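Structure assessment
Here is what each chain is made of, one letter per residue.
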Amino acid sequence: MRRGIIEKIKRLAKEKNAVILAHNYQPPEIQDIADLCGDSLELSIRASKTDAEIILFCGVSFMAETAAIVSPDKTVLLPRADAGCPLADTVTPQALKAKIAENPAMPVVTYVNSTADVKAVSTICCTSANSVKVVNSLKENSVMMVPDKNLAAYTAGRTGKTIYPWNGYCPVHENLTPEAVLEQKQAHPEALFMAHPECRPEVLALADIVASTSGMLKAAKESASRSFIVGTEIGLIHPLKKQNPDKSFYPASPLMVCADMKKIRLEDVLCCLEEMTSEVRLPEAVRRAAHRAVYRMIEL
Ligand code: 13P
Ligand code: SF4
């Protein structure tokens, strides 16, 4: 049955000239059928460089929107339209515009984990991997960072700039406690602890490596260490193990599960390809304005 669905997906994707992307947090069976796996921005950029006419993005809606921002000539499909992101939902363009009006000269650095219409009213975008570089590239010493308060605190500590954070957070990362990490460290004293910058400052203080999901994949490959405690969504354990079969990976907490990332099933991918449903469309004015903020970051 699984094999039948997978064969149908592969055949249809080929017939329709579709590239299938899967974020590092997707369920293993989705990552395994994807043409490209990775972090959200990396996937959107790589997909834009292919000659595929359709991008089928297995991830959450802001990721599919980013693909639509950078690939205006391609059709972007999100197999589950209800796969959202509670972090991205903490800021609306209206609320952000009201904040900007209080201090119009202050640049707004917006994490890619945000909706296209929020990116559209931002100065520049950043990822969890390049936030320090992005903030340092600005001439101003005071910067607003939207929407993740933990990424803002992490960036402030490494740039020496005054950062005014939006009060948003990712519940999956915010809920990781230092106690849970210490418990894992006690159980695996030889392991290095890797943490995503969306974790709380008290958790990052315990980390040997602070990195984005692609940064963690790179670090695990390059490190001489044989074992790691993984402080991010548990989906990353799959590519970590696949790429490093001789190393051990332990979730920092079994509770680090993003329900939205787990919505897409093989059946949804097949249905989406068959019926061309859940197309992500952006108003051209929003797409262009968001593109400016995203490209300002990429140019760095
Ligand atoms: P990365 O950009 O590090 O892949 O993270 C995406 C995400 O959703 C983090 O919660
Ligand atoms: Fe959003 Fe957090 Fe899920 Fe990432 S893990 S998609 S930031 S809710």
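Refer to the structure above for everything that follows.
First, a word on scope: everything that follows refers to the structure included in this document. (Residues numbered from 1 in each chain as written. Chains lettered and ligands numbered in written order. Predicted model: local features only at pLDDT ≥ 70, side-chain atom pairs only at ≥ 80, totals over all residues. Heavy atoms only, no water.)

1. Structural notes on the environment of S227
Checked against the element boundaries, S227 lands in strand β11 (residues 227-231). Residue classification places S227 among the buried residues on the basis of a relative accessible area of 5%. Sequence separation between S227 and T127 is 100 residues; the distance between their C-alpha atoms is 26 Å. In this structure S227 touches E190, A191, L192, S248 and Y250, once residues within four positions along its chain are discounted. Of note is the side chain of S227, whose polar atom sits 3.3 Å from the side chain of E190. (Helix = DSSP H or I, 4+ residues; strand = E, 2+ residues; numbered from the N terminus. Buried < 20%, exposed > 50% of the residue type's maximum accessible area, 1.4 Å probe, protein only. Contact = heavy atoms within 4.5 Å. Polar contact = N/O pair within 3.5 Å; in protein donor to acceptor, adjacent residues only side chain to side chain.)

2. A short note on the nonpolar core
Formed by 65 residues in total, the largest nonpolar core has its most connected members in L21, V109, M145, L176, F193 and M297. When neighbours within four sequence positions are excluded, L21 is seen to be in contact with A34, L36, L43, A47, I55, L56, F57 and C58. (Core = buried A, V, L, I, M, F, W, Y, C linked by side-chain atoms within 4.5 Å.)

3. Some remarks on helix α15 (residues 284-299)
Since the α-helix advances by 3.6 residues per turn, residues separated by three or four positions end up pointing in the same direction. Taking 1.5 Å per residue as the helical rise, α15 with its 16 residues ought to reach 22 Å, and the 22 Å between its terminal C-alpha atoms agrees with that figure. Among the residues of α15, R287, A289, A290, A293, V294 and M297 are the ones counted as buried. Residues of α15 that are buried make contact with α3 (40-48), α4 (61-70), α6 (116-119), β6 (124-126) and α7 (131-136). (Expected span 1.5 Å × (residues − 1).)

4. Details of the environment of E7
Its place among the elements puts E7 in helix α1 (residues 2-15). Residue E7 is classed as partly exposed on the basis of its relative accessible area, which comes to 49%. Expressed as a C-alpha distance, the spacing of E7 and I33, which sit 26 residues apart in the sequence, is 9.6 Å.

5. Some points on the packing of aromatic side chains
Considering all chains together, one arrives at one aromatic pair under this definition. Ring centres 5.3 Å apart and planes at 10° place the aromatic pair F228 and F249 in the stacked group. Of this pair, F228 sits in strand β11 while F249 sits in strand β12 (residues 248-251), and the two are 21 residues apart along the sequence. Each member of the pair, F228 as well as F249, carries the same accessibility label: buried. (Phe/Tyr/Trp six-rings, centres within 6.5 Å; stacked < 30°, edge-to-face > 60°.)

6. Quick look at the side chain of H23
Position of H23 relative to the elements: it lies in strand β1 (residues 18-23). Apart from the residues within four sequence positions on either side, H23 is in contact with Q31, G38, D39, S40, L43, C58, M63, T213 and M261.

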